[in-house]
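Each chain, letter by letter, is given below.
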Amino acid sequence: MLCCSLFFFFIGRSQEFSYSHYTTRDGLASKVVYCMQQDTDGFMWFGTEAGVSRFDGTNFKTFTMRDGLPDNAILRLFADSRGRVWIMPFKNSICYYYKGKIHTQENDSLLAKIRLTDFVMGCVETGNGEIVIIDKKMIWAFTPEDKVTNYQCPRSPECYLTKLVNQDTKEILMMDEQQVYATKDFKQYHYLFNIPAKQAGEGTALVTRDLVCWYSPGNMLHVRSLRYKIEYEVPVPSLNTILKLDDSLLCLNTSRGSFIFNILTRQISEHFLSNRNVSNCFTDNEGGVWYSTITDGVYRLRSRRVKNFRSLGAGEQNFHVFELQKDRNAILVGTDMGCMELKTDETGAGLSLSEKFDGASFNKPIKSVIIRGDTHILGSGPGVFVSSKGAPFRSAMHFGAIKQMDFLNDRELVLATSGGLLLIDFPSLRCTKVLREGRTTSMLIRRDSIFFGTLTGLLIRKPDGMYDDLGDQIPFLKGRKINAIREASDGTIWVAAFGGIVEIRNHEMGRVFGTNNGLSSEDCRTLVIDRNCIWVGTDKGLDRVFIDPPGSIIHYSTTDGLGSNMINTLLVNGNYLYAGTPEGVSFFNKSTINTNSRCDLRLLNVSIDGAAVAPAVSYALDYNKRNIRFDYVGISYRSEGDIEYTYRLRGFDTAWHRTRQTSLDFIALPAGDYELELFATNKFGVESKPLNIAMLIKTPFWQTAWFITLSAILLMGLTWMLVTERSKRIREREKAAQAIQEKLQDLEQKALRAQMNPHFIFNSLNSIQGFILDNDAGSANKYLSSFARLIRQTLDNSAHSEISVEDEINYLVTYLQLEQLRFKHSFNYSVKADPEVNKSQTFIPGMVLQPFVENAIRHGIQNRQQQGGFIQVGFSLCQDWLCCTITDNGPGREVVQALKSSQHIEYQSRGMQLTTERINVLNLQQKRQISLEMEDVLDEAGNVSGTRIIVKFPVNH
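Just so it is clear, the model here is predicted, and its values are computed rather than measured.

Looking only at helices and strands, the chain features 9 helices and 73 strands. Counting over 957 residues, the chain shows a buried share of 53%. Across the chain, contacts joining residues at least 24 apart in sequence account for 50% of those joining residues at least 6 apart. A gap of 2 Å separates the mean positions of the 106 positive and 105 negative side-chain charges of the chain.

Dropping the structure here:
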């Protein structure tokens, strides 16, 4: 009866843990959950009465008979080392999930080879990779080579198999009705011992080499340990499953919760999910413990290290905590329901909670507590309440709700209230002086000086009654709400304000911590100074700031077991930290709590143009199907969905991008090779292994080399045809002209052909092709546009015997732009006319200057040994002449002539010769003749630094 009372004593205790709770509203298939497993990818699986659900920490995916399950009621699950999840329903069948597909006896040739006589009672994986399953009469094994073997039962044919256990020693234990056998190969069995028949259900019996437990009639747990040579029975609530945690600890999952039972001391050490019908428990790869229930879904224990007191007992109302103060071997807790007393042990750990002072004495929350020997002073609303040695309270009301209280000296008490800063006589509780009117938020008394916080900063009242605003010396404090002020043992003051915490030494600012360097929130509500750190309570949890030596900031929140993220007050008690929240008191051992976690990134689905494809490490996409989507998830159950993803697509963009979405869409990617790099980061900063996926977008036929070459040839032929046709029409219109005009026209057409020679066209088209192959669509388009414009200007100018200086300038600029692009900006140019030249009304023969410019590029710029070539074309008036000067900074005529003699020139331009002949013909028609001069340009030292050509035209308006 002593052990029975122990169970019900723990059921009634008010100490609680914090859990994440998942039910059908979160996507779980049913609230009735029988079993749990975690696969090799990290997904949690839950067998329910309405199907099996897979959970990734954020979302559930449920599989039912519509997805191929033989039955919706799933009694057992088993995850093997190959990534398969074996599913055992209530129906006489078995199936497994692997890579997105449910394999059953109807669609899988391997499973079709077995014939079950009953539902599956157990499933294990042997050391050599065999998957062994049993029903009540048969033993089946699936080998790593995907073969099926049938083994004989220990007592065949009279066997009644009920349990299969995989030992750490690579030994399999099997329960055949009341007899337990050991085997390593299912060919030879070694009898171990008996247990009572019909009392060894699969879940309610624990069988190992040295420990056997079973649930017997009368709600009794029978314990037999061969190692410790003990055997006894203990009464327990209605038992669902038994699990062995270590050599002396059992996990008993019952209708009244889950208990940790020590078989040596026969004591209950911990109780989880009081008064819930727990069917099973499971520990995941992060060390998190999951509990499945018969009526209320699934719970994940956030932390065994963090414990909570939310109420005075089961069924009692939860209280809101505002103040924590040490009182001998207890902690006084100021709440909205009065003052509680939390008993502690010698290490500082909380033991039990009870009511210290009747809450009926206070009509407002208790926000400040002072303990002086046997005297307790409580601040509740506007009232100060005093009790000595348990006597009834006497009280006095003052204006403004009390935020904090402290003694200035033995006879004077200072109140920080919403109405001001008050000086109270003690013990009469009479207000003797209003030190300052206005709302105060916090206070610290230090050597007769009063530091007090307001909504707009931190002030000091000095012993002489004068006030200083610390915001004048520490700008951080100016205009900020001050929530807490604490003094360290070395005299340093730490202030918690909205925006962060700040260190003050000798009225000067020291270190500052905010969200920019690690705090979880700007709303720093309270703080407490520990030996080597500062604990900061915020509206988003608890931050541990290491200051000696300076280090990292560790965050704790409800996901780590705290009752609430809203922290109102903090207290260090021995090895333990206590946090007062709207959901009671949370406490934990500072040295044992940890935030160890892991983060696994898994690729869920891939679709190309909306069609699902199998996940792989590389993809090759046709150009007309180049829309790809990736669905993925980061698995970190302790983060509870607080996961950030970082990615980049190499080959498209080198910058890293961050997102919290669990999918990426890439639309209409250009042809080329890409690599997606993706990793996940959980709330603790732990990064997953990166996911790398290669993608090839195939080049469309119109971007291939053969197509571009063919297009270039066709374009060149078309251009030649257009120029030829244009020239033919011009010649036909001028057949009746004078013979000299015919000769002039013929020379003009030859000059045109020289300017638009196939060599030039071919180079231009090759340049266009090079830009396209380099994916430089902008440069290709620019070059092609300039090329088309030059052809058009050539055709237009060839139709006129004379053109304006303005048109000539435009023509030369177009030509130089094209050549500059072709030669990759190896030279610059300038084409200008003096202001006195009327460009639109001054005319010269067309097509005369371009060959000289071409010659300057071909023989001047191309033969330079250095970069920085330059072509300068200028128009000016020289009395009655229009002077055109073409200057380059090439090596000079002698060097060029020597190079021409020593080098083979594949193509020889005749533009200069034809232009000279044309000038001679024109001079025959007019009295004032065109002159042509060519000279070397000399630098200051007399060395040749280029060539200058001067062409003088008679001025024609």
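Looking now at the pattern of salt bridges. Taken as a whole and assessed by the stated rule, the structure comprises 44 salt bridges. With a shortest N-O distance of 3.9 Å, Lys244 and Asp247 are connected by a salt bridge. Of the charged contacts in the structure, one is a salt bridge between Lys462 and Asp468, with a shortest N-O distance of 3.4 Å. With relative accessibility at 28%, the residue Lys462 sits in the partly exposed group.

What follows concerns the sheet that holds strand 20 (residues 211–216). Strands sit in the order 19-20-21-22 across an open sheet of 4 strands; the sheet is antiparallel. Only two strands of the sheet have a single neighbouring strand rather than two, namely strand 19 (205–207) and strand 22 (230–235). Across the sheet, the mean angle separating the axes of adjacent strands is 15 degrees when strand polarity is ignored.

Its place among the elements puts Ile501 in strand 49 (residues 500–505). Judged by its relative accessible area of 0%, Ile501 falls in the buried class. Residues Ile501 and Ile534 lie 33 residues apart in sequence; the distance between their C-alpha atoms is 9.5 Å.

Summed over all chains, the structure comprises 1 disulfide. Paired by a disulfide, Cys878 and Cys883 hold their sulfur atoms 2.5 Å apart. Given the relative accessible area of 30%, Cys878 is considered partly exposed.

Below, the discussion takes up the nonpolar core. Phe46, Ile87, Trp290, Ile628, Phe630 and Leu676 are the most contacted members of the largest nonpolar core, which totals 54 residues. Broken down by element, the residue count for this core peaks at 5 residues, all from strand 61 (residues 628–635). In this structure, Phe46 is in contact with Leu28, Val33, Cys35, Met36, Gly51, Val52, Ser53, Phe55, Phe60, Leu77, Trp290 and Val298, ignoring residues within four places of it in sequence. If you look at the next biggest cluster of nonpolar residues, it comprises 40 residues, including Leu790, Val837, Val853 and Cys884.

Once that is clear, we can look at the sheet that holds strand 14 (residues 148–151). If you trace the 4 strands from one edge of the open sheet to the other, you get 11-12-13-14, paired in antiparallel fashion. Lying at the two open borders of the sheet, with one neighbouring strand each, are strand 11 (122–125) and strand 14. The sheet shows a mean angle of 20 degrees between the axes of neighbouring strands, taken without regard to direction. As defined by bridge partners, strand 11 adjoins strand 12 (residues 131–134) across 4 bridges and the pair is classed as antiparallel. Considered in strand 12, the bridge of Cys123 is made with Ile133.

Together, Phe701, Trp702, Trp706, Leu710 and Leu714 line one region of the surface with nonpolar side chains, adding up to about 580 Å² of accessible area. One can find Trp706 in helix 2 (residues 705–733). Using a relative accessible area of 53% as the deciding quantity, one classes Trp706 as exposed.

Time to look at the packing of aromatic side chains. Where two aromatic rings form a pair, the distance of their centres and the angle of their planes describe that pair. Within this structure, the stated rule accounts for 42 aromatic pairs. Considering the side-chain rings of Phe55 and Trp290, the 6.2 Å spacing of their centres and the 80 degrees angle between planes classify their relative orientation as edge-to-face. Placement of the pair is Phe55 in strand 5 (residues 51–55) and Trp290 in strand 28 (residues 289–293), with a sequence separation of 235 residues. Per residue, the accessibility class of Phe55 equals that of Trp290, and both read buried.

Our focus in this paragraph is the domain arrangement of the chain. Domain boundaries assigned for the chain yield domain 1 (24–113), domain 2 (117–171 + 178–194), domain 3 (198–305), domain 4 (600–703) and domain 5 (753–953). Once you take the C-alpha centre of each, domain 3 and domain 4 turn out to be 44 Å apart. Domain 3 puts 6 residues into the contact, and the matching count from domain 4 is 5 residues. Taken over both partners, the interface formed by domain 3 and domain 4 buries close to 530 Å², and the fraction arising from carbon and sulfur atoms is 37%. Taken as a group, Glu286, Arg300 and Arg302 account for 74% of the area that domain 3 buries against domain 4, more than any other trio of residues on that side. Here Glu640 and Arg300 are joined by a salt bridge, their closest N and O atoms 3.0 Å apart. Across the domain 3-domain 4 interface, the total number found is 6 residue pairs in polar contact (both at pLDDT 80 or more). For the side of domain 3 that touches domain 4, the residue count by class is 1 nonpolar, 1 polar and 4 charged.

Examined against the element boundaries, Val298 turns out to sit in strand 29 (residues 298–301). On the basis of relative accessible area, Val298 is assigned to the buried category, the value being 0%. As a C-alpha pair, Val298 and Met405 span 107 residues in sequence and 45 Å in three-dimensional space.

It is worth spelling out the pairing of strand 21 (residues 220–225) at this point. Consecutive side chains of a regular strand alternate in pointing toward one face of the sheet and then the other. Along strand 21, 5 of the 6 residues are buried, which leaves the element largely enclosed by surrounding structure. Sheet analysis places strand 20 next to strand 21, joined by 6 bridges and oriented antiparallel. Note on strand 21: the bridge partner recorded for Trp214 is His222. Counted between consecutive antiparallel strands, the loop separating strand 20 from strand 21 contains 3 residues, among which Gly218 sits at a positive phi close to 85 degrees. Bridge count between strand 21 and strand 22: 6 bridges; the pairing is antiparallel. Bridged to Arg224 within strand 22 is Glu231.

Attention shifts here to the pairing of strand 39 (residues 402–409). Bridge analysis of strand 39 against strand 40 (residues 412–417) gives 6 bridges, and the strand direction is antiparallel. Counted as the bridge partner of Asn409 is Glu412 from strand 40. Adjacent in sequence and paired antiparallel, strand 39 and strand 40 are bridged by 2 residues.

With that settled, the discussion passes to the packing of helix 6 (residues 805–822) against helix 7 (residues 850–861). Axis separation between helix 6 and helix 7 bottoms out at 11 Å; the angle between their running directions is 25 degrees. With respect to helix 7, the axis of helix 6 lies roughly parallel. Helix 6 and helix 7 meet at a crossing whose hand is right-handed. Listed contacts from helix 7 to Glu808, Tyr811, Leu812, Tyr815, Leu816 and Glu819 of helix 6 are Gln850, Val853, Glu854 and Ile857. Classifying every residue of the contact of helix 6 with helix 7 gives 6 nonpolar, 1 polar and 3 charged.

Here we take up unusual backbone geometry. That bond from Phe426 to Pro427 is cis: its omega, 20 degrees, falls within 30 degrees of zero. If you trace the backbone, Pro427 turns up in the loop between strand 41 (420–425) and strand 42 (431–437). Although it is not a glycine, Arg266 adopts a positive phi angle of roughly 55 degrees. If you trace the backbone, Arg266 turns up in the loop between strand 25 (257–262) and strand 26 (267–272).

The terminal C-alpha atoms of helix 2, which comprises 29 residues, lie 42 Å apart, in line with the 42 Å expected from a rise of 1.5 Å per residue. The set of residues buried in helix 2 consists of Ile708, Ala712, Thr719, Val723, Ser727 and Ile730.

Our next topic: the packing of helix 2 against helix 5 (residues 777–798). One can describe the packing of helix 2 onto helix 5 by two numbers: an axis separation of 10 Å at closest approach and a directional angle of 15 degrees. In this view, helix 2 runs roughly parallel relative to helix 5, as classed from their interaxial angle. Regarding helix 2 and helix 5, the two cross each other, and that crossing is right-handed. Here Leu715, Thr719, Val723, Arg726 and Ile730 of helix 2 lie close against helix 5, whose contacting residues are Leu784, Ile791, Leu795 and Ser798. Of the residues assigned to the contact of helix 2 with helix 5, the class counts are 6 nonpolar, 2 polar and 1 charged.

Procedures and definitions
- Residues numbered from 1 in each chain as written.
- Predicted model: local features only at pLDDT ≥ 70, side-chain atom pairs only at ≥ 80, totals over all residues.
- Heavy atoms only, no water.
- Helix = DSSP H or I, 4+ residues; strand = E, 2+ residues; numbered from the N terminus.
- Buried < 20%, exposed > 50% of the residue type's maximum accessible area, 1.4 Å probe, protein only.
- Contact = heavy atoms within 4.5 Å.
- Lys, Arg positive; Asp, Glu negative; His and termini not counted.
- Charge placed at Lys NZ, Arg CZ, Asp CG, Glu CD.
- Salt bridge = Lys/Arg side-chain N within 4 Å of Asp/Glu carboxyl O.
- Pairing = 2+ DSSP bridges.
- Axes fitted to C-alpha atoms, helices over the stretch in contact; angles between N-to-C directions.
- Disulfide = S-S within 2.5 Å.
- Core = buried A, V, L, I, M, F, W, Y, C linked by side-chain atoms within 4.5 Å.
- Patch = residues over 30% accessible without salt bridge, like charges linked within 9 Å, V, L, I, M, F, W, Y side chains within 5 Å.
- Areas by Shrake-Rupley, 256 points an atom, 1.4 Å probe, with all protein chains shown as cover.
- Phe/Tyr/Trp six-rings, centres within 6.5 Å; stacked < 30°, edge-to-face > 60°.
- Domains from an automatic or database assignment.
- Buried area = accessible area lost by both parts, 1.4 Å probe.
- Polar contact = N/O pair within 3.5 Å; in protein donor to acceptor, adjacent residues only side chain to side chain.
- Nonpolar A, V, L, I, M, F, W, Y, C, P; charged D, E, K, R; others polar.
- Parallel < 35°, antiparallel > 145°, perpendicular 65-115°, else oblique.
- Left-handed = near helix turned anticlockwise from the far one by under 90°.
- Expected span 1.5 Å × (residues − 1).

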